[in-house]
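Structural characterization, general
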Amino acid sequence: MAMPQDLLIPRPRKIELTGGAMPLTLLHAEAPDLLATEARAADTLFQQMQLWGEALPCRLLLNTELPAEGYELVVAAEGVRIGGGDRAGVFYGIQTLRQLLEGARKMRRNELAALRIVDAPEFHWRSCMLDSARHFQSAAQVREVIDALARYKFNRFHWHLVDHFSWRIGFRRHAEMLESFPGHARSSGYYTPEEIREILAYAAERHIEVIPELEMPGHSSGVFAIHPELACPDGLPIDLTRGEYCIGNPASRRFLGEIIDETMEIFSGIRYLHLGGDEASPRHWQQCPVCQNAIRNLGLSGERDLEHHFMTELARRVLDHDVRPILWSSLRAYDPRIIMQCWGGRPLDPELSRGSLAGNHSMVRCQTSWIGAVAAAQMELALMRGADLINSRHDYTYLDYPMRRSEPHSSWMPDLPLERVYQFDPLPEETPTGRRSQVLGAEACLWTELVTPDRVMGKLFPRLLAFCETVWTPGELRDWADFRRRVRHHQR
Ligand SMILES: [Zn+2]
């Protein structure tokens, strides 16, 4: 018979059986007005559980002695009490109660063991990214993902919405970006401003912040089919292989500035905006008279410095809205208000594959030792420059990588079995003591080049369960054998 501690993911900090039990009967939430949303979430859960019989109270309250996002859950003969350090803490207590109720239901028990759980997260940045650009998921599917994240106590949803031929935000002032891109049969679809606002509200009720991403200055090849004037006049054809804006041209900055402003209007109230900033090739900038002129006029030393200048200006535009920008980690130093997301880099990245790091290793060799070296170097650089960072080291957290070889995958992708995700350490041991608070937390990423909408949940689960425990549960309480026992109760 499974005990309560065998049912819970992520594993709580402290669980104590207090003796006796509570009959599995109808529950109803009692809460102050401040917790009306959480009371609704609890009552919805109790309805879904189809509980019958004499009603017992589930008391919700704030307890300022508990840490932020922390909670205390007490199950006793006379009912349930959930105290939270804040509203989010109360919500997480309800999610833990959900797992206990579902476990009891599955095992056909008619009571819940009396217990006391005291719990709080290890990291306050517990994020999952969904790429809705490469493949488009309906708004209902996005809500389903957010629901699943909430059950496992995630508090950030990073939404990749602009990439190459796919612009998924229903811009009104730049509606041309929603037309189909000449010469490219992309999957169609975008989210209207109304749908986006509904998704933001849906996520907020579940204590999840949405972080939209606009990719720039690379990954933008579709743009030049519509706005050829934003490509470098370098004499080379404007074709599908061209991914970068002309960053020496003020018109590019103007265009992206307008896109940022409109994104802020549609996503009103957000605290973070991801600006991409990843995998741009300097090939066109090197041949472009406009970019070369800008480098000379600004007294910069090369194309990467011009890119840094360009991204700094756009990040400033975001900061003007009182929103913090996030960038995929760069080898350049940025304003410390910009959060760096470190993923590691691929052997194909020309900036990283120079010198002894890459050497003559084959790509497969690279995937073992080389990736680790790049990821560590990238994190160290960001930390020493004073940046806050999100760890999403790809060989642990990229859930598009195959869990089994039989899944569709690209040849360069390393395997990512469940156990490896569980071994992920968001705050690696070698992080310097004085820099540890700069590691805000971690993110699991689902890129969808090869992932059709019907496969999204199958790619996320069960590995997202392993990931959520790495960001919620302290390292010393994590145990693979124990997790493997618990994960059986969470099969979808
Ligand atoms: Zn140019």
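Rules behind the numbers
- Residues numbered from 1 in each chain as written.
- Predicted model: local features only at pLDDT ≥ 70, side-chain atom pairs only at ≥ 80, totals over all residues.
- Domains from an automatic or database assignment.
- Contact = placed C-beta atoms within 7 Å.
- Nonpolar A, V, L, I, M, F, W, Y, C, P; charged D, E, K, R; others polar.
- Pairing = 2+ DSSP bridges.
- Helix = DSSP H or I, 4+ residues; strand = E, 2+ residues; numbered from the N terminus.
- Axes fitted to C-alpha atoms, helices over the stretch in contact; angles between N-to-C directions.
- Core = buried A, V, L, I, M, F, W, Y, C linked by C-beta atoms within 7 Å.
- Buried ≥ 20, exposed ≤ 12 C-beta atoms within 10 Å, placed from the backbone.
- pLDDT = per-residue confidence, 0-100.

Next up on the list: the domain arrangement of the protein chain. Structurally, the protein chain comprises domain 1 (4–119) and domain 2 (125–490). The gap between the C-alpha centroids of domain 1 and domain 2 is 36 Å. Listed as interface residues are 14 residues of domain 1 and, on the opposing side, 19 residues of domain 2. Split by residue class, the side of domain 1 that touches domain 2 holds seven nonpolar, three polar and four charged.

Attention now moves to the sheet that holds strand β3 (residues 56–62). Strand order in the open sheet formed by six strands is β1-β6-β4-β5-β3-β2, and the pairing between neighbours is mixed. Where the open sheet ends on each side, the last strands, each with one partner, are β1 (14–23) and β2 (27–30). Strand-to-strand twist across the sheet, computed as the mean angle between neighbouring axes with direction ignored, equals 20°. Where strand β4 (residues 71–76) lies against strand β6 (residues 111–119), five bridges are found, and the strand directions are antiparallel. Paired with Tyr-71 across the bridge in β6 is Asp-119. Strands in contact with helix α1 (residues 36–48) are β2 and β3; relative to β2, the strand with the most contacts, it is inclined by about 180°.

Attention now moves to the nonpolar core. Leu-275 and Leu-389 are the most contacted members of the largest nonpolar core, which totals 103 residues. Contacts of Leu-389, omitting those with residues within four sequence positions, involve Ile-339, Met-340, Gln-341, Cys-342, Met-379, Ala-382, Leu-383, Gln-438, Val-439 and Leu-440. The next biggest cluster of nonpolar side chains, apart from the first, holds 27 residues, and it includes Tyr-71, Ile-82, Phe-91 and Leu-97.

A separate point is the pairing of β6. Each regular strand shows side chains that alternate between the opposite faces of the sheet. Relative to β6, β1 runs antiparallel, the two sharing seven bridges. Residue pairing in the sheet places Lys-14 in a bridge with Val-118 of β6.

To continue, consider the confidence of the model for the protein chain. Mean pLDDT over the protein chain: 92, with 93% of residues reaching 70 or higher. Contacts for the low-pLDDT stretch residues 347–367, under 50 throughout, to residues beyond four places or in other chains number 24 contacts.

Here we come to unusual backbone geometry. That bond from Ile-9 to Pro-10 is cis: its omega, -5°, falls within 30 degrees of zero. Looking at where Pro-10 falls in the secondary structure, it is placed in the segment before β1. Along the chain, Phe-461 connects to Pro-462 via a cis peptide bond; the corresponding omega equals 10°. One can find Pro-462 in the loop between α13 (456–460) and α14 (463–472). At Glu-69, a residue that is not glycine, the phi angle is positive and equals roughly 70°. With respect to the element layout, Glu-69 can be found in the loop between β3 and β4. On the basis of neighbour counts, which here come to 24 C-beta atoms within 10 Å, the residue Glu-69 falls in the buried class. Unlike most non-glycine residues, Lys-153 shows phi in positive territory, near 65°.

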